[in-house]
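Okay, here's what each chain looks like letter by letter:
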Amino acid sequence: MADQDILRRSRAQYAAAGNAYVLSDTHRFGKDLGRLVEVAAPTADMRVLDIATGGGHTAIALAPYVRDVIMLDLTPEMLVHARTFAHESNVDLFGVIAGAAEALPFGAESFDLVSCRIAPHHFANVRAFVSEAARVLAPGGRFVLIDSVTPDGEKYDAFINHVERWRDPSHVKTYSLAEWTSYLDDAGLHLELSEMIEKTHEFESWTTRSRMPDDEVAKLSDWILASDDDCKRFFAVEEKDGRVVSFKDLKILLRASKPAA
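Here is a short report on the structure shown in this document. (Residues numbered from 1 in each chain as written. Predicted model: local features only at pLDDT ≥ 70, side-chain atom pairs only at ≥ 80, totals over all residues. Heavy atoms only, no water.)

Structural notes on the overall build of the protein
(1) Moving on: Broken down by element type, the protein carries 11 helices and eight strands.
(2) Moving on: Within the protein, buried positions represent 53% of all 261 residues.
(3) Moving on: Of the contacts made within the protein by residues no fewer than 6 positions apart, 76% connect residues no fewer than 24 positions apart.
(4) Moving on: When the accessible area of the protein is evaluated, it comes to approximately 11,400 Å², of which 50% is carbon and sulfur surface. (Helix = DSSP H or I, 4+ residues; strand = E, 2+ residues; numbered from the N terminus. Buried < 20%, exposed > 50% of the residue type's maximum accessible area, 1.4 Å probe, protein only. Contact = heavy atoms within 4.5 Å. Areas by Shrake-Rupley, 256 points an atom, 1.4 Å probe, with all protein chains shown as cover.)

Regarding unusual backbone geometry
(1) Moving on: Here the phi dihedral of Ala52 falls at roughly 55°; this positive angle occurs in a residue that is not glycine.
(2) Moving on: Taking the relative accessible area as the measure of exposure, Ala52 reaches 19% and is therefore buried.
(3) Moving on: For Glu109, which is not glycine, the phi torsion reads 60° and is therefore positive.
(4) Moving on: Structurally, Glu109 can be placed in the loop between β3 (94-98) and β4 (111-117).
(5) Moving on: You can call Glu109 partly exposed: its relative accessible area is 44%.

Description of helix α7 (residues 154-167)
(1) Moving on: Compared with the 20 Å implied by 1.5 Å per residue over 14 residues, the 20 Å span of α7 between its first and last C-alpha is a close match.
(2) Moving on: Listed in full, the buried residues belonging to α7 are Tyr156, Phe159, Ile160, Asn161, Val163, Glu164 and Arg167. (Expected span 1.5 Å × (residues − 1).)

Concerning the packing of helix α6 (residues 126-136) against helix α8 (residues 177-186)
Any two packed helices are characterised by the angle at which their axes cross and by the distance between the axes.
(1) Moving on: Two elements in contact, α6 and α8, have axes separated by 9 Å at closest approach and are oriented at 45°. The angle between the axes of α6 and α8 places the two elements in the oblique class. Viewed along their axes, α6 and α8 form a crossing whose handedness is right-handed. Contact with α6, carried on its side by Val126, Arg127, Phe129 and Val130, involves Trp180, Ser182, Tyr183, Leu184 and Asp186 of α8 and no other residues of that element.
(2) Moving on: Residues belonging to the contact of α6 with α8 are distributed by class as follows: six nonpolar, one polar and two charged. (Axes fitted to C-alpha atoms, helices over the stretch in contact; angles between N-to-C directions. Parallel < 35°, antiparallel > 145°, perpendicular 65-115°, else oblique. Left-handed = near helix turned anticlockwise from the far one by under 90°. Nonpolar A, V, L, I, M, F, W, Y, C, P; charged D, E, K, R; others polar.)

Points about helix α5 (residues 76-88)
(1) Moving on: Here α5 spans 19 Å end to end across 13 residues, near enough to the 18 Å set by a 1.5 Å rise per residue.
(2) Moving on: For α5, the full list of buried residues reads Met78, Leu79, Ala82, Phe85 and Ala86. Down the axis of α5, the sector holding all buried residues measures 120°, keeping them to one side.
(3) Moving on: Asn90, located one to two residues past α5, shows a positive phi value of around 60°. (Arc of directions from axis to C-beta.)

Observations regarding the pairing of strand β2 (residues 68-73)
(1) Moving on: Among the six residues of β2, five are classified as buried, and the element is accordingly described as predominantly covered.
(2) Moving on: Two elements, strand β1 (residues 47-51) and β2, share five bridges in a ladder whose sense is parallel. Across the sheet, residue Arg47 finds its bridge partner in β2, namely Asp68.
(3) Moving on: Handedness of the β1-helix α4 (residues 57-62)-β2 crossover: right-handed. (Pairing = 2+ DSSP bridges. Right-handed = clockwise from strand over helix to strand, strands pointing away.)

A closer look at the side chain of Thr58
(1) Moving on: Relative to the helices and strands, Thr58 is located in helix α4.
(2) Moving on: In this structure Thr58 touches Leu33, Leu36, Asp50, Ser115 and Arg117, once residues within four positions along its chain are discounted.

What about the pattern of salt bridges?
(1) Moving on: Under the criterion given, the structure shown has 16 salt bridges.
(2) Moving on: Notably, a salt bridge pairs Glu179 with Lys173, separated by 3.2 Å at the nearest N-O pair.
(3) Moving on: Judged by relative accessible area, Glu179 falls into the partly exposed class, the value being 24%.
(4) Moving on: The salt bridge involving Arg255 is made with Glu192; its shortest N-O contact spans 2.9 Å. You can see Arg255 sitting in strand β8 (residues 243-257) and its partner Glu192 sitting in strand β6 (residues 190-202), a full 63 residues away along the chain. (Salt bridge = Lys/Arg side-chain N within 4 Å of Asp/Glu carboxyl O.)

Some words on the packing of aromatic side chains
(1) Moving on: Here the structure, examined in full by the defined rule, presents 14 aromatic pairs.
(2) Moving on: An angle of 75° between the planes, with centres 4.9 Å apart, marks the rings of Trp206 and Phe247 as edge-to-face. Here Trp206, found in helix α9 (residues 203-209), pairs with Phe247, found in strand β8; they are 41 residues apart in sequence, far enough to count as distant. In terms of burial, Trp206 and Phe247 fall into one category: buried.
(3) Moving on: Three or more aromatic residues joined by ring pairs make a cluster, and in this case those are Tyr156, Phe159, Trp166, Trp223, Phe234 and Phe235. (Phe/Tyr/Trp six-rings, centres within 6.5 Å; stacked < 30°, edge-to-face > 60°.)

Encoded structure:
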């Protein structure tokens, strides 16, 4: 699929689903959010860019510790919800800009910290995104990311990407740690830390948030339950009355730095 088609599909998906992501407990209260803030080690003089801010949860979590935060998202409608959520959270440090992660509308060395949480699996070109994040970082700056990650094993990779794409057609690809490491290296960023985080998804709310039709939810549930037993064990699929109740997947937390001048 061409990059512009991916961008259009992602924009359409999130234009209609913005408030659901603001209110999502997974995005608002996930333990990974607190850990991202801890790993980012924000300081009062930092200029921060939160890429693909979605509901604004990461930007809002970082805001009390830094000088300024800019929220950037591909979808203007999503930014309306994020800005409202920020105001309701009594946080007013934000610039709010619509733009693509692969072509950031900022000059070189504009930020001390760049963050991105639970989004790159939707991006048209992840290599370009990492390159752009490196470009806008000041020397010595930090890049902190959380996203889904593919486990070792081809069948697990195929399973989770198939499930994600069925649930949300704007899903492009979940990447491996090896792929992320390659993208960071190519962008001149030094990987300092990587952690795996296990995340549980309640199936009904997970599919509702992406506005998946009921008949497709049932088909996806049936497909998962008919899948390889080892995959179901690996992803901790829970079943009740012939329907999927929940499953687990893996997220990766990365921190990388740009070499000091």
